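# Topology and contacts: notes
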Amino acid sequence: MILYPKAHFNNVKEISIEILKEKNIKGLILDIDNTLIDYDKQIIENAEEWCNNLKNQGIKMCILSNTNKYKKVKKVADALGLKYLYFAHKPSKRGFEKARKILDLPAKQIAVVGDQIFTDVLGGNRSNMYTILTKPIDTRDIWLTKLKRPFENIVIKRYLNKERRK
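Residues numbered from 1 in each chain as written. Predicted model: local features only at pLDDT ≥ 70, side-chain atom pairs only at ≥ 80, totals over all residues. Heavy atoms only, no water.

## Quick notes on the pattern of salt bridges
Under the criterion given, the structure shown has eight salt bridges. For Asp 78, the salt bridge identified is with Lys 74, shortest N-O distance 2.7 Å. Residue Asp 78 and its partner Lys 74 are both found in helix H3 (residues 70-80); the two are separated by four residues, about one turn of the helix. Assessed through its relative accessible area of 47%, Asp 78 is described here as partly exposed. A relative accessible area of 29% places Lys 74 in the partly exposed class. (Salt bridge = Lys/Arg side-chain N within 4 Å of Asp/Glu carboxyl O. Helix = DSSP H or I, 4+ residues; strand = E, 2+ residues; numbered from the N terminus. Buried < 20%, exposed > 50% of the residue type's maximum accessible area, 1.4 Å probe, protein only.)

Structure below.
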């Protein structure tokens, strides 16, 4: 199903080089809000170490965010040493294609990592990329995301039940 991720983790730091190599993933497109930073715009603990470890092992990364707050995205990108795109209009394919060009990789070698079904997972699946859903790192959300969470939770519950049955 187009709304189901290919993998699900508690947070980005659970995504290891071994997992990426197993799936032939050579690049990551990362969301920031509630994936890399919390509601108060604090980067999750050890995110820099996680990014550097993967970069040192040849994984390319960039940020793709729906926020129109340029300074917020730039601050996170600079802290992690990543290129970035903001105001991406996910799940539109356009932002994912721009990120793919930055990474200079075929779509099948890219994983999209984020906390939302209707933006990150849907857009990544529509762009023929491997999708990784993470749990939101904060319970607080912007108003639009709050509206979508109950529907996302239904999809996630169905996805997890399907995975348990495998």
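## What about the pairing of strand S5 (residues 110-114)?
Where burial is concerned, most of S5 is hidden: five out of the five residues are buried. Of the two faces of S5, the one carrying Ile 110, Val 112 and Gly 114 and the one carrying Ala 111 and Val 113 are both buried. In this structure, strand S2 (residues 27-30) lies alongside S5, joined through four bridges in parallel fashion. Counted as the bridge partner of Leu 30 is Val 113 from S5. Note that S5 and strand S6 (residues 130-134) share four bridges and pair parallel. By the bridge assignment for S6, Ala 111 is matched with Tyr 130. For the handedness criterion, the β-α-β arrangement of S5, helix H5 (residues 117-126) and S6 is classed as right-handed. (Pairing = 2+ DSSP bridges. Right-handed = clockwise from strand over helix to strand, strands pointing away.)

## Quick look at the side chain of Thr 131
Residue position: Thr 131 is located in strand S6. According to the relative accessible area criterion, Thr 131 is buried, its value standing at 0%. In this view, Thr 131 contacts Tyr 4, Pro 5, Lys 6, Ala 7, Val 112, Asp 120, Val 121, Gly 124 and Asn 125; residues no more than four positions away in its chain are not counted. (Contact = heavy atoms within 4.5 Å.)

## A closer look at the side chain of Arg 149
Tracing the sequence through the fold places Arg 149 in helix H6 (residues 143-165). Look at Arg 149 and you get buried, because its relative accessible area is 10%. Residue contacts for Arg 149: discarding those within four places in its chain leaves Asn 34, Asp 115, Gln 116, Pro 136 and Asp 141.

## Some words on a nonpolar patch on the surface
Together, Tyr 39, Ile 142, Trp 143, Leu 144 and Leu 147 line one region of the surface with nonpolar side chains, adding up to about 580 Å² of accessible area. Mapped onto the fold, Leu 147 is located in helix H6. Judged by relative accessible area, which is 53%, Leu 147 ranks as exposed. (Patch = residues over 30% accessible without salt bridge, like charges linked within 9 Å, V, L, I, M, F, W, Y side chains within 5 Å. Areas by Shrake-Rupley, 256 points an atom, 1.4 Å probe, with all protein chains shown as cover.)

## Re H3
Inspection of H3 places Lys 72, Val 73, Val 76, Ala 77 and Leu 80 among the buried residues, and these make up the whole buried set. Buried residues of H3 fall within an arc of 125° about the axis and therefore sit on the same side. In H3, the exposed positions that point more than 90 degrees away from the buried face belong to Lys 71 and Lys 75. Looking at the residues trailing H3, positive phi occurs at Gly 81, about 65°. (Arc of directions from axis to C-beta.)

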